[in-house]
Amino acid sequence: MTEPDLIPVFDGHNDTLLRLYQSKGADVEKLFIEGTQGGHIDLPRARKGGFAGGMFAIFPPPIEKTKRSAVPPAPSDNEPLPPELPRAEAITSTIGMASILFRLERAGALSVCRSAGDVRDAMAKGSIAAVFHIEGVEAIDPELAMLDVLHAAGLRSLGIVWSRPNAFGNGVPFRFPSSPDTGPGLTDAGKALVKACNQLRIMIDLSHLNEKGFRDVAALSDAPLVATHSNVHAICGHSRNLTDWQLGAIRESGGMVGLNFATGFLREDGRMNADTGLDIMVRHIDSLLQALGEDAVGLGSDFDGAMIPAVIGDVAGLPKLIDALAARGFGRALIEKIAYRNWLSVLERTIG
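In this report, the structure presented in the accompanying data block is examined. Being a predicted model, the structure only gives us computed values, none of them experimental. Position numbers for residues count from 1 along each chain, tracking the sequence in the order it is written. For a predicted model such as this one, the threshold for reporting local features is a pLDDT of at least 70, and the threshold for listing and counting side-chain atom pairs is 80 or more; totals across whole chains, interfaces and linings nevertheless cover every residue. The basis for every side-chain value is the complete set of heavy atoms in the structure, and neither hydrogens nor water enter the calculation.

## Focus on helix α12 (residues 332-350)
Secondary structure counts use DSSP, requiring at least four H or I residues in a row for a helix and at least two E residues in a row for a strand, with both numbered from the N terminus. How far a helix is expected to stretch is found by multiplying one less than its residue total by 1.5 Å. Counted at 1.5 Å a residue, the expected span for α12 with its 19 residues is 27 Å, and the 26 Å between its end C-alpha atoms agrees. In this scheme, the bend at a residue equals the angle between the axes fitted to the seven residues that finish there and the seven that begin there. Remark: the principal bend of α12, roughly 60°, maps to I338. Listing the buried residues of α12 in full gives L334, I335, E336, I338, A339, Y340, N342, W343, L344, V346, L347 and T350. Within two residues after α12, G352 carries a phi angle of roughly 100°, on the positive side. Here's how the labels work: a residue is buried when its accessible area is under 20% of the maximum for its type, exposed when over 50%, partly exposed in between, all with a 1.4 Å probe on protein chains only.

## A look at the pairing of strand β4 (residues 129-135)
For β4, the tally of buried residues reaches seven of seven residues, placing the bulk of the element in the interior. In β4, alternate side chains face the same way, and those of A129, V131, H133 and E135 on one face and A130, F132 and I134 on the other are all buried. In short, DSSP must find at least two bridges between two strands for them to pair. Across six bridges, the pairing between strand β2 (residues 51-58) and β4 is parallel. Directly across from M55, in β4, lies its bridge partner V131. With two bridges joining them, strand β3 (residues 111-112) and β4 adopt parallel strand pairing. Counted as the bridge partner of S111 is A129 from β4. In terms of handedness, the path from β4 via helix α6 (residues 145-153) over to strand β5 (residues 157-159) forms a crossover that is right-handed. Classification remark: right-handed applies to a crossover when, strands pointing away from the viewer, the course from the first strand over the helix to the second runs clockwise.

## Quick word on the nonpolar core
Grouped burial of nonpolar side chains is what soluble globular proteins tend to show. To qualify as a nonpolar core, a set must consist of buried Ala, Val, Leu, Ile, Met, Phe, Trp, Tyr and Cys residues joined through side-chain atoms within 4.5 Å. Of all hydrophobic cores here, the largest spans 111 residues; its most connected members are L158, I160 and F261. Residues count as neighbours in contact if any of their non-hydrogen atoms are within 4.5 Å of one another. In this structure, L158 is in contact with H133, I134, V137, L147, L193, C197, I202, M203, I204 and D205, ignoring residues within four places of it in sequence.

## Overview of helix α8 (residues 211-220)
Those residues of α8 lying buried are E211, G213, F214, D216 and V217. Contact partners of the buried residues in α8: α7 (188-200), β6 (203-205) and α9 (244-253).

## Some remarks on the side chain of D286
With respect to the helices and strands, the residue D286 is situated in helix α10 (residues 278-292). Polar contacts, as used here, are pairs of N or O atoms within 3.5 Å; protein pairs need one atom able to donate a hydrogen and one able to accept it. Residues neighboring in sequence count only if both atoms are side-chain atoms. A distance of 2.8 Å separates polar atoms of two side chains, one belonging to D286 and the other to R328. Among all residues touching D286, those that are not within four sequence positions of it are R328 and F330.

## Structural notes on the packing of aromatic side chains
To pair, rings of Phe, Tyr and Trp, with the six-membered ring standing in for Trp, must have centres within 6.5 Å; the planes then decide the type, stacked if under 30 degrees apart, edge-to-face if over 60, and tilted in the middle. Scanning all chains against the criterion turns up seven aromatic pairs. Relative to F174, the ring of W162 has its centre 5.7 Å away and its plane inclined at 50°; by these criteria the two rings are tilted. Here the residue W162 occupies a position in the loop between β5 and α7, and F174 occupies one in the loop between β5 and α7, the gap between them amounting to 12 residues. Taking the relative accessible area as the measure of exposure, W162 reaches 6% and is therefore buried. Seen from the ring of W245, R215 lies directly overhead, with NZ or CZ sitting 3.7 Å from the centre. For a Lys NZ or an Arg CZ to count as sitting over a ring, it must be within 6 Å of the ring centre and within 35 degrees of the ring normal. Looking at R240, its charged tip hangs above the ring of F265, at a distance of 5.0 Å from the centre.

Okay, here's the thing in structure tokens:
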């Protein structure tokens, strides 16, 4: 349950399940419910910050021998794509993180939501509303048998790629400055996956997809185009951010974008630097509002997956961003749209 005087926040992306999965041997339910010193999200801090829920990502991490920082410590304009991940490795970690999600639900820490109505119900009763999301579908076979199994388990949102190639498409590398036009589009299997997601009402996340893959999804999908945790390329010229034509395609489809808090995708210099102010976050939100309209902008923090501004610190710091929007002159109705109402709307139109 969030504090009663806080505007609730539904967030487009976090990697908390990965953090818990990597705390090998730990009592993950206890870590989440009682709180920890590290990471960005646990139950006590979620209540303090007004965190009402979000897309809980399952991200199959690189295998140990190739593990490296997700983003280079200094901007690089020739950063290579991380290598492909073997499917067996991806299955192990995907199932492991899904298990943690359901264990947290059984422990009463959150509610796994399979529809927008479920999200509303969870928020009404003060339970964290968790949407089962996958970031990088390496665990899914090209025949899509695993997709059916995961959907039956509760999967309602997926990003076809993380920033590496797989059987379905190619992600963007972590290059700065760089265009997202970095490689080929979706494979035939990727195009079949888009159509299957439309049929199953699984939301497709475009945040890590390269330009040609983005164009393929835009041409094939009959659902709103959504980037759960991306920023404005015109402000920060990172390949992870959205160009003007991509923002136009999202607007035309009735989709939305969640602001990524990762400092390297916010700052004009592309650096991962915790000494990053709220002003640049507000600037990105202003630009997204101009490009998309007030019904298509939300938050997509990347908590537990990136270096975020120290002024926010963790999920308990969300009210500081809300206060910064108010100080910028945003009225309560617009702030509520950005904080949670726009996500509820797009979920209604994607997962049902």
